[in-house]
Amino acid sequence: MAELSTIARPYAEALFEAVRQEQGALEQWAALLSEMAQVADLPDVREALATPTLNNTQRFEIFSGLLKTPLNDKASNLLNLLIANGRLLLLPQVAEQFDLLRHKQEGSAVAHISSAFPLQGDELNKLVAALEKKFGLKLEPEVTVDADLIGGVRVVVGDQVLDTSVQARLARMRDTLAA
């Protein structure tokens, strides 16, 4: 079976091409796709939409009724297309692929920062500034706390990992001693 992201990519690319020239559209679409992805990821929604007795119109009505944001014509068309092709539950992957395209165009990326302790305010701003200089991109930080790191941070930007945690240093020391 193909990777879900491979199946979702053409939908995200088509949508991206259709809206990228509109002023402020990328951010609005990213927010709408994120909301749609969250709804599509709910177990109860997945179960309800998989019911074989529902027709496509009913699936559209159920799903669109669960969204807070009203759908414009393009959003309705996307939703109908995904439903007709049996791909509605791919919305999380479509949203992810759309975000990757948006970040690529903007020269930005999401920095997944794991820290042993909470990072806030000036400390976070200094870290993000240093990471932006290192990676050469405008970064949007997503910070999580992971006490297993003991100290330091682990940063993932795209497929690049920068791990300065105490946990990683101890693992390197263990590997060196074992060799």
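Each residue is numbered by its place in its chain's sequence as written, counting from 1. Local features in this predicted model are restricted to residues of pLDDT 70 or higher, and side-chain atom pairs are both shown and tallied only at a pLDDT of 80 or more, whereas totals for entire chains, interfaces and linings draw on every residue. Only hydrogens and water are set aside; all other atoms, that is, all heavy atoms of the structure, feed into the side-chain values.

**Quick word on the overall build of the protein chain**
Secondary structure summary: the protein chain contains eight helices and four strands in total. Under the scheme used here, helices are H or I runs from DSSP no shorter than 4 residues and strands are E runs no shorter than 2 residues, and both carry numbers assigned from the N terminus. The linear arrangement of helices and strands in the protein chain, starting from the amino end, is α-α-α-α-α-α-β-α-β-β-β-α. Radius of gyration here is computed from C-alpha atoms only, and the compact-globule reference equals 2.2 Å multiplied by the residue count raised to the power 0.38. Radius of gyration (C-alpha) of the protein chain: 20 Å, far over the 16 Å computed for a compact globule of 179 residues. In terms of principal-axis extent, the alpha carbons of the protein chain reach across some 60 × 40 × 30 Å. For every residue, the accessible area obtained with a 1.4 Å probe (protein chains only) is divided by the maximum for its type, and the residue is called buried under 20%, exposed over 50%, and partly exposed between those limits. A burial count over the protein chain gives 36% of its 179 residues as buried. Long-range contacts, defined as pairs at least 24 residues apart, comprise 65% of the intrachain contacts of the protein chain with a sequence gap of at least 6. Computed with a 1.4 Å probe, the accessible areas rest on the Shrake-Rupley method; for each residue, only the protein chains presented here act as cover. With an accessible surface of roughly 11000 Å², the protein chain has 54% of that area assigned to carbon and sulfur atoms. Once the 17 positive and 24 negative side-chain charges of the protein chain are each reduced to a mean point, those two points are 6 Å apart. Whether two residues touch is decided by their heavy atoms; if any such pair falls within 4.5 Å, the residues are in contact. Residues counted as positive are Lys and Arg, residues counted as negative are Asp and Glu, and His and the chain ends are not counted. To locate a charge, the coordinates of NZ of Lys, CZ of Arg, CG of Asp or CD of Glu are taken.

**Quick word on the environment of Ala168**
Summarising the element assignment, Ala168 is placed in helix α8 (residues 166-178). Taking relative accessible area as the criterion, Ala168 reaches 11% and is therefore assigned buried. It is 9.7 Å that separates the C-alpha atoms of Ala168 and Gly151, two residues lying 17 residues apart in sequence.

**A look at the packing of helix α2 (residues 25-40) against helix α6 (residues 91-106)**
Here an axis means a line fitted to C-alpha atoms, over the contact stretch when the element is a helix, while the angle between two N-to-C directions is reported on a 0 to 180 degree scale. Running from amino to carboxyl end, α2 crosses α6 at an angle of 155 degrees, the nearest separation of the two axes being 8 Å. Taken together, the axes of α2 and α6 are roughly antiparallel relative to one another. Crossing of α2 over α6 shows left-handed handedness. Only Leu91, Pro92, Val94, Ala95, Phe98, Asp99, Arg102, Gln105 and Glu106 of α6 make contact with α2, whose side of the interface consists of Leu26, Glu27, Trp29, Ala30, Leu33, Ser34, Met36, Ala37 and Ala40. Note on residue classes: Ala, Val, Leu, Ile, Met, Phe, Trp, Tyr, Cys and Pro are nonpolar, Asp, Glu, Lys and Arg are charged, and everything else, Gly too, is polar. Of the residues contributing to the contact of α2 with α6, the split by class is twelve nonpolar, two polar and four charged. In this scheme, roughly parallel covers angles under 35 degrees and roughly antiparallel covers those over 145, while 65 to 115 is roughly perpendicular and the rest are oblique. Here a crossing is taken to be left-handed if its near helix is turned anticlockwise relative to the far helix by less than a right angle, and right-handed if that turn runs clockwise.

**Here we look at the pattern of salt bridges**
Opposite charge on two side chains permits them to pair, given that their charged atoms come into close proximity. Salt bridge, as applied in this entry: a Lys or Arg side-chain nitrogen positioned within 4 Å of an Asp or Glu carboxyl oxygen. For the structure on display, the rule yields nine salt bridges. The partner of Arg46 in a salt bridge is Asp41, with the nearest N and O atoms 3.3 Å apart. With relative accessibility at 28%, the residue Arg46 sits in the partly exposed group. Here Asp41 falls in the partly exposed class, since its relative accessible area comes to 46%.

**Comments concerning the side chain of Gln93**
Among the structural elements, Gln93 can be located in helix α6. Overall, Gln93 belongs to the buried group, its relative accessible area being 19%.

**A look at the side chain of Ser64**
For Ser64, the location among the structural elements is in helix α4 (residues 56-65). Under this definition, polar contacts are N or O atom pairs within 3.5 Å; protein pairs additionally need one hydrogen-donor-capable and one acceptor-capable atom, and for neighbouring residues in sequence, both atoms have to be side-chain atoms. There is a polar contact of 2.7 Å between the side chain of Ser64 and the backbone oxygen of Phe60. Sequence-distant contacts of Ser64, that is, excluding residues within four places in its chain, are made with Leu71 and Leu79.

**Re helix α5 (residues 73-84)**
Here a helix's expected span is defined as the number of its residues, less one, multiplied by 1.5 Å. Taking 1.5 Å per residue as the helical rise, α5 with its twelve residues ought to reach 16 Å, and the 16 Å between its terminal C-alpha atoms agrees with that figure. All of the buried residues along α5 are Ala75, Ser76, Leu78, Leu79, Leu82 and Ile83. Burial along α5 is one-sided: seen end-on, the buried residues are contained in an arc of 160 degrees. Pointing more than 90 degrees away from the buried face of α5 are the exposed residues Asp73, Asn77 and Ala84. The inward-facing, buried residues of α5 contact α1 (4-19), α2, α4 and α6. The N-terminus of α5 is capped by Asn72, whose side-chain oxygen sits 3.1 Å from the backbone nitrogen of Lys74. Taken from the helix axis, the directions to the C-beta atoms give the arc we talk about.

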